[in-house]
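Remarks on the overall topology
Letter by letter, the chains look like this.
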Amino acid sequence: MVTLTCLLWVGTALLPGTIAAAQVVVVNDSITQNALPLATVRAIFSLRVQSLNGHKVTVFVLDSRDPVHAAFSKDVLGVFPYQLEAAWNRSIFSGASRGPVIVGSEAEMRRRVANTVGGIGYLSQPVTGAGIRVLNIEGSHP
């Protein structure tokens, strides 16, 4: 058992491209808050909160099979990707929302959040540029 654990650890250390960590939540400049509580960020990505600052929130996510999405779900939101998807399905089937907008890449996520009033998403690297900024999460671990 110890040998298997060591092999898995060495394997992941040698293949850094296979594990991605979503490090930042990004928002469109129309969202004026610089920070939100973790519970609010969870509620936004679970589609339970649908507006901020009087603007409709548009949630952008990567495909649920993307390693960055899995890392974001587990490491930032503290939920498994299947739990997040179940929350989306409940929201969609109840008619409360249309679901998140699924994008094909982090570059598309960056562009769509920057160009959508009320846009929110996540990236594995901090970003700078017109129309987009990092949202700090209060109550999250460093």
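Refer to the structure presented above.
Residues numbered from 1 in each chain as written. Predicted model: local features only at pLDDT ≥ 70, side-chain atom pairs only at ≥ 80, totals over all residues. Heavy atoms only, no water.

Attention now moves to the overall build of the protein. The secondary structure content of the protein amounts to 5 helices and 8 strands. Going residue by residue from the N terminus, the α and β elements of the protein occur as α-β-β-α-β-β-β-α-α-β-α-β-β. Across the 142 residues in the protein, those meeting the buried criterion constitute 39%. In the protein, 71% of the contacts between residues at least 6 apart in sequence involve partners at least 24 apart. Surface summary for the protein: the accessible area is close to 8100 Å², and the carbon and sulfur share equals 59%. (Helix = DSSP H or I, 4+ residues; strand = E, 2+ residues; numbered from the N terminus. Buried < 20%, exposed > 50% of the residue type's maximum accessible area, 1.4 Å probe, protein only. Contact = heavy atoms within 4.5 Å. Areas by Shrake-Rupley, 256 points an atom, 1.4 Å probe, with all protein chains shown as cover.)

Attention now moves to the packing of helix 2 (residues 38-45) against helix 3 (residues 67-77). At a minimum axis separation of 11 Å, helix 2 and helix 3 run at an interaxial angle of 150 degrees. Here helix 2 is positioned roughly antiparallel relative to helix 3, judged by the angle of their axes. Along its contact with helix 2, which presents Leu 38, Val 41, Arg 42 and Phe 45, the element helix 3 presents Phe 72, Val 76 and Leu 77. The residue makeup of the contact of helix 2 with helix 3, split by class, is 6 nonpolar, no polar and 1 charged. (Axes fitted to C-alpha atoms, helices over the stretch in contact; angles between N-to-C directions. Parallel < 35°, antiparallel > 145°, perpendicular 65-115°, else oblique. Nonpolar A, V, L, I, M, F, W, Y, C, P; charged D, E, K, R; others polar.)

Our focus in this paragraph is the sheet that holds strand 6 (residues 101-103). Remark on secondary structure: sheet strands pair via backbone hydrogen bonds, oriented parallel or antiparallel. Spatial ordering of the open sheet is given by 2-8-1-7-5-6, a layout of 6 strands whose pairing is mixed. The two strands at the open ends of the sheet, each matched to only one other strand, are strand 2 (35-37) and strand 6. Strand-to-strand twist across the sheet, computed as the mean angle between neighbouring axes with direction ignored, equals 35 degrees. Where strand 5 (residues 58-62) and strand 7 (residues 119-123) come together, 2 bridges link them in parallel fashion. Each bridged residue has a counterpart across the sheet, and for Thr 58 the counterpart in strand 7 is Gly 119. (Pairing = 2+ DSSP bridges.)

Here we take up the side chain of Arg 133. Tracing the sequence through the fold places Arg 133 in strand 8 (residues 132-138). Accessibility expressed as a relative area gives 18% for Arg 133, which makes it buried. A polar side-chain atom of Arg 133 sits 3.1 Å from the main-chain carbonyl oxygen of Gln 33. With sequence-adjacent residues up to four places away left out, Arg 133 is seen in contact with Val 25, Val 26, Val 27, Asp 29, Ile 31, Thr 32, Gln 33 and Asn 34. (Polar contact = N/O pair within 3.5 Å; in protein donor to acceptor, adjacent residues only side chain to side chain.)

What follows is about unusual backbone geometry. The backbone of Leu 47 shows a phi angle near 70 degrees, a positive value even though the residue is not glycine. When you line up the elements, Leu 47 lands in the loop between helix 2 and strand 3 (51-52). At Asn 53, a residue that is not glycine, the phi angle is positive and equals roughly 55 degrees. As for its placement among the helices and strands, Asn 53 is situated in the loop between strand 3 and strand 4 (55-56).

Function-wise, these values are silent; they only describe arrangement.
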